[in-house]
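Residues per chain are reported as follows:
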Amino acid sequence: MAAITMLYLDHNATTPVLPAAWDAMRPLMAEAFGNPSSSHAAGRQARRHLEDAREKVAALLGALPEEVVFTSGATEANNIALFGLCGEPPGRIVASPLEHPCVTEPLKQLAARGFEIEWLKADARGVVERRELAPRVLTSLQLANHETGAIQPVRAFAELGPVHTDAAQAVGKIPVNLRGLGVTALTLSGHKFRGPKGVGALLLRKGTLLRPLQFGGHQQRGHRPGTEPVALAVGMAVALDHAVKAMSDTAASLARLRQRLLDRLRAAVPPVVVNGPLPGEADSLPTTLNLSFPSCRADLLMMSLDLAGVACSIGSACSSGSLLPSPVLIAMGVPDDVLKSAVRFSLGETTTEAEMDEAAGRIIASVNAIRAAKL
């Protein structure tokens, strides 16, 4: 019996490493492996590679090199930013209920320490409502949602006061510019745009006071002490450069493929509900399609699709093992049957038209089987 070909539609969770990024990393692991803090020749060589990567990331994202802090990923970067920017309790932080767990969980910790968390309201499309804020209150608002692909009005909030934005789902997919957004802090993760896992960055506006979360060496101005991951930083910079240069063509291709999948599913297994902005709307990521199939439980559908060789998800990858309904969709106020039948399909640069058509056929078969069984 022939093995089932896997169709990967979970690019919001992680992406395949760009071959050019891997090629750039290998010699830095096997040959130029010096500690960038060492003063000898091997250390200086590693430092050059690290600073070249820092300059490339900064240039691609509208920042200064000294504003780039390499981290292990967006989770660490968000923790550093939130705990470092909030000051001492008591205080108030304005936040979106649509955030990824690597933002909502630190916020819960801050609430336990005496901070008041004021939650913004989201509309039925998954976009937060703009409102007036007290001066200098810190706002935490993601740039693009990990479940629905909704792009948030970050710039509008940055005009009112300091903003931290988790841009992990946006960087490499839509234009992102630190100064253009006007934010104080911006975070990203390399493996979301074909870089390696285990590396990300915090972009912190020059002159911003940040209390350190960790203590150790003097690296990266003390914002994130510890030996920097030179090879990973270089790989991320190469992947980001590729993603930015290919962005326009990739976005156009993914928008077409996403619409192709949606059209086939709507025709074959109605009703199909889109959660978030509709494909083609200006505030929608081209990568993401969150769909509900009423009368078809999402957990059963995802298991069926897994057996059929389609990789997708319910909610974020960090919480996909949970059986609880999506906090994002709850905040959007979706009806119960829509909430319990929601599945996220996310596309990437490597997604092909043939894969999209084959995936549509497998999804249709699974939805029909579950609905027919009335499970």
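Residues numbered from 1 in each chain as written. Predicted model: local features only at pLDDT ≥ 70, side-chain atom pairs only at ≥ 80, totals over all residues. Heavy atoms only, no water.

Examining the side chain of Ser189
For Ser189, the location among the structural elements is in strand E7 (residues 185-189). Setting aside its immediate chain neighbours within four residues, Ser189 contacts Gly73, Ala74, Ala168, Val199 and Gly200. (Helix = DSSP H or I, 4+ residues; strand = E, 2+ residues; numbered from the N terminus. Contact = heavy atoms within 4.5 Å.)

Section: the sheet that holds strand E3 (residues 91-95)
Read from one edge of the open sheet, 7 strands run E2-E8-E7-E6-E5-E3-E4, paired in mixed fashion. Each having just a single partner strand, strand E2 (68-71) and strand E4 (115-119) make up the two edges of the open sheet. With direction set aside, neighbouring strand axes in the sheet form an average angle of 20 degrees. In this structure, E2 lies alongside strand E8 (residues 200-204), joined through 4 bridges in antiparallel fashion. Looking at E8, one finds that Val68 is bridged to Leu203. In this fold helix H4 (residues 101-112) packs onto E3, E4, strand E5 (138-140) and strand E6 (163-166), with an angle of close to 140 degrees to the strand it touches most, E4. (Pairing = 2+ DSSP bridges. Axes fitted to C-alpha atoms, helices over the stretch in contact; angles between N-to-C directions.)

What about the nonpolar core?
In this structure, Val171, Val176, Leu186 and Leu188 are the most contacted members of the largest nonpolar core, which totals 61 residues. For this core, the leading source of residues is helix H7 (residues 230-268), giving 10 residues. Residues contacting Leu186, with those up to four places away along its chain left out, are Thr165, Ala167, Val171, Val176, Leu178, Leu181, Ala201, Leu202 and Leu203. Ranked by size, the runner-up nonpolar core spans 30 residues in total, among them Leu7, Val274, Leu289 and Leu301. (Core = buried A, V, L, I, M, F, W, Y, C linked by side-chain atoms within 4.5 Å. Buried < 20%, exposed > 50% of the residue type's maximum accessible area, 1.4 Å probe, protein only.)

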